Amino acid sequence: MGTVWVTLIALIIAVPLCLSASVYLVEYAGSRLRNFVLPLVNVLAAIPPVLYGVWGVLFVVPLIGKYIAPLFGISSTGYSVFSGGIVLAVMIFPIMVSIMVEVLQTIPKELRSVSLSLGATKLETIQQVILKKARPGIMAAIVLAVSRAFGETIAVLMVCGNIPKIPQSIFDAGYPLPALIANNFGEMMSIPLYDSALMFAALLLFLIILGFNLISRGILKKMEAKNI
């Protein structure tokens, strides 16, 4: 449940922002701004996860513990699934934006011209033509981001609190499966059957990612068939 909470929070934050940023870069931004932003996004993708974790500990955790949680009348240390979701959203932002921009750039210009010539506004063209045509590619970008989010370890481990309980709210600490495996792997030989428990956790994580990818692949095939 810790893994699910963190991943869902990351997607809720990242998907609208990434889609909006990608549409702006392709449809509205000038070539100078686009050529400046896209390499910067690629640089963000190359930053080691541990640095995102340090940023989360120094900035996100205090922000949630001291300012955001008290707004809801909740006492929190800041180490929570919400912190993990924010850090993870920032981590998957570059890969989602890069793929979505490439997908939107493959849409033929003729489709835009035809839509505009029929009287549609630019916003209507984006909503009714471009995004519908690009839907399979956008879904693929989200699938890749989810796959990375499920398996992310170090950054999430540093900000989630690592308390083995089911989170009841976004301000509760959680214990995602990758963090569980990373924290306890060194002790696996000291306790009977501990290695079996950790291997089962790893198998469970693998099956979750595999199942999600298979389901998503089926959805993509149906969308591609409809577009054809």
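One structure accompanies this document, and this report is about it. Predicted model only: the values in this text are computed from it and were never measured.

**Comments concerning the nonpolar core**
No. 1: Grouped together as the largest cluster of nonpolar side chains are 51 residues, with contacts concentrated most on V87, L88, I92, M96, M100 and I142.
No. 2: Of all elements in the fold, only α1 (2-28), α3 (49-71), α4 (81-105), α6 (122-133), α7 (135-151), α8 (154-159), α9 (177-184) and α10 (194-227) reach the threshold of two or more residues within this core.
No. 3: Examining the composition of this core, we find that 14 residues originate from one element, α4, more than from any other.
No. 4: Residues in contact with I92, not counting those within four places in the same chain, are A10, L11, A14, A145 and A149.

**Quick notes on the pattern of salt bridges**
No. 1: The full count for this structure, using the stated rule, is 2 salt bridges.
No. 2: The partner of R112 in a salt bridge is E27, with the nearest N and O atoms 2.7 Å apart. Placement of R112 in helix α5 (residues 109-117) and of E27 in helix α1 is noted, with a sequence separation of 85 residues between them. With respect to class, R112 is no different from E27; both count as buried.
No. 3: Among the ionic pairs, K122 bridges to E27, the shortest N-O distance being 3.7 Å.

**Thoughts on α4**
No. 1: For α4, which comprises 25 residues, the first-to-last C-alpha distance of 35 Å matches the rise-based estimate of 36 Å (1.5 Å per residue) to within 8%.
No. 2: In α4, a bend of some 35° at I92 exceeds every other bend along the element, and P94, a proline, comes one to four places later.
No. 3: Summarising burial for α4: 19 of the 25 residues are buried, a large majority.

**Observations regarding the packing of α5 against α6**
No. 1: α6 packs onto α5 with a crossing angle of 140° between their chain directions and a minimal axis gap of 10 Å. In terms of their interaxial angle, α5 and α6 are classed as oblique. Handedness of the α5/α6 crossing: right-handed. Together, L111, R112, S115 and L116 of α5 and K122, T125, V129, I130 and K133 of α6 make up the contact between the two elements.
No. 2: Taken together, the residues of the contact of α5 with α6 sort by class into 4 nonpolar, 2 polar and 3 charged.

Reading guide: rules and limits
Residues numbered from 1 in each chain as written. Predicted model: local features only at pLDDT ≥ 70, side-chain atom pairs only at ≥ 80, totals over all residues. Heavy atoms only, no water. Core = buried A, V, L, I, M, F, W, Y, C linked by side-chain atoms within 4.5 Å. Buried < 20%, exposed > 50% of the residue type's maximum accessible area, 1.4 Å probe, protein only. Helix = DSSP H or I, 4+ residues; strand = E, 2+ residues; numbered from the N terminus. Contact = heavy atoms within 4.5 Å. Salt bridge = Lys/Arg side-chain N within 4 Å of Asp/Glu carboxyl O. Expected span 1.5 Å × (residues − 1). Bend = angle between axes of the 7 residues up to and from the residue. Axes fitted to C-alpha atoms, helices over the stretch in contact; angles between N-to-C directions. Parallel < 35°, antiparallel > 145°, perpendicular 65-115°, else oblique. Left-handed = near helix turned anticlockwise from the far one by under 90°. Nonpolar A, V, L, I, M, F, W, Y, C, P; charged D, E, K, R; others polar.

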